[in-house]
Amino acid sequence: MKFFGSKLATPRRLAPIWLLLVLTGFAQAVDCPRCQKNKLPMAGHGAAVDGSGRLNVNVQIAFSGTVSWSDPATGNTNSNIWNGVQGAALDWNNATTSTGQATNYNFNLNQGAAAGDVDVRIVQDSPGGTAIASTEATDNHDGTFGPPYTIKLPPAAASWPPNYLLAVIAHELGHTLGLGHAYNNIATCGHTIMNHASATGAVITGSVQAQDVATANKHYNNRLNCTANYGSPTLSFSGGYTDPNPRYYYPYTCYYYYDAYDIYYQCDCRENGQYAFTVYVLEDVICF
């Protein structure tokens, strides 16, 4: 991002740049977390089992094959995973906006659902890269994506602290509702289940927030009003970088992502202006 003035700028003349950056951050906060316009709302399978009239969304923990979460000795689903999925489902089901509106969906942990009726499947598999978990949507091959979804949790998730596991799964369930990450300055966006970090970088193993529900409903009502796209790069930088020195908050590691804005003076000596300095703006904090 380049800024030019009518003549050689002074530090005093650069003040509006800082104001612009601040205002940009507040503009982004309108969509916290961001929702994805190319991800289709879920149709679900029937009415919610709680009688609320919401759409029933069948969630199933894999119980067979190489991605199963079943204990080979007993055949029972790993209890920590079971409790984490159940807790995360209830977290979303019970959450409301600041005006008391719930989401349009009701997550239902349904191990008896037929394969074709499963909307979200929880499997034991590598999420890839440095991710602690991941959610994959089905490619409709028309530029849109949607259900069924596959949430991948690594084998280590079986021993994660219960509250942390619940928060991770609730985060991944948020992706099935059309939510992307809250890639804004955490001080602007505040706490959301789509970005677990607090302003200090510590992980918050809290619950789904009112703004998470509001954005999920925004996606359901008119996804074209959303500001993000599924399948696009998770972070977009102009010379940005990842902090090479992560902070440690036992037992988590936090990385700080910055975006770099090059500031230029305008003068007659160079066609594109003279480089002044670079401003680094904190865009996201990810802990795992």
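In this report, we go over the structure that sits alongside the text.

Quick notes on the rules
- Residues numbered from 1 in each chain as written.
- Predicted model: local features only at pLDDT ≥ 70, side-chain atom pairs only at ≥ 80, totals over all residues.
- Heavy atoms only, no water.
- Helix = DSSP H or I, 4+ residues; strand = E, 2+ residues; numbered from the N terminus.
- Contact = heavy atoms within 4.5 Å.
- Phe/Tyr/Trp six-rings, centres within 6.5 Å; stacked < 30°, edge-to-face > 60°.
- Core = buried A, V, L, I, M, F, W, Y, C linked by side-chain atoms within 4.5 Å.
- Buried < 20%, exposed > 50% of the residue type's maximum accessible area, 1.4 Å probe, protein only.
- Salt bridge = Lys/Arg side-chain N within 4 Å of Asp/Glu carboxyl O.
- Expected span 1.5 Å × (residues − 1).
- Polar contact = N/O pair within 3.5 Å; in protein donor to acceptor, adjacent residues only side chain to side chain.

### Some details on the overall build of the chain
Per the secondary structure count, the chain includes 5 helices and 9 strands. Seen in sequence order, the chain has helices and strands lined up from the N terminus as α-β-α-β-β-β-β-α-α-α-β-β-β-β. At a minimum sequence separation of 6, the contacts of the chain that also span at least 24 residues come to 67%.

### Notes on the packing of aromatic side chains
Counted under the stated rule, the structure contains 3 aromatic pairs. Consider the rings of Tyr105 and Tyr220, whose centres lie 5.6 Å apart with planes at 90 degrees: the pair is edge-to-face. Highlighted residues: Tyr105 in strand β2 (residues 105-109) and Tyr220 in helix α5 (residues 210-221), separated in sequence by 115 residues.

### So, the nonpolar core
Proteins that are soluble and globular tend to have nonpolar side chains buried together. Of all hydrophobic cores here, the largest spans 41 residues; its most connected members are Trp92, Phe107, Val120, Ile122 and Leu153. Those elements giving two or more residues to this core turn out to be β1 (55-61), α2 (79-94), β2, β3 (120-124), β5 (145-153), α3 (162-176) and α5. Counting residues per element, this core draws most heavily on α3, at 8 residues. Contacts of Leu153, omitting those with residues within four sequence positions, involve Trp69, Ile81, Ile122, Val123, Gln124, Asp125, Ala133, Leu165, Val168 and Ile169.

### Observations regarding the pattern of salt bridges
The tally for this structure, following the rule as stated, stands at 3 salt bridges. Taking the shortest distance from any N to any O, the salt bridge between Arg54 and Asp50 comes out at 3.4 Å. The exposure class of Arg54 is buried, given its relative accessible area of 12%. Residue Asp50 is classed as partly exposed on the basis of its relative accessible area, which comes to 42%. When salt bridges with common partners are traced through the structure, they connect Asp125, Glu136 and Lys152 into a single cluster.

### Here we look at α2
Helix length check: α2 (16 residues) gives 22 Å between terminal C-alpha atoms against 22 Å at 1.5 Å per residue, within 8%. Within the span of α2, buried status applies to Asn80, Ile81, Gly84, Val85, Gly87, Ala88, Ala89, Asp91, Trp92 and Asn93.

### A few points about the side chain of Asn108
Within the fold, Asn108 resides in strand β2. A residue is classified by how much of its surface remains accessible, and Asn108, at 15% relative accessible area, is buried. A polar contact is formed between the side chain of Asn108 and the side chain of Asn56, at a distance of 3.4 Å.

### Brief notes about the environment of Asp117
Take Asp117: it is sitting in the loop between β2 and β3. Distance in space between the C-alpha atoms of Asp117 and Val59 is 9.3 Å, their sequence separation being 58 residues. In this structure, Asp117 is in contact with His45 and Asn58, ignoring residues within four places of it in sequence.

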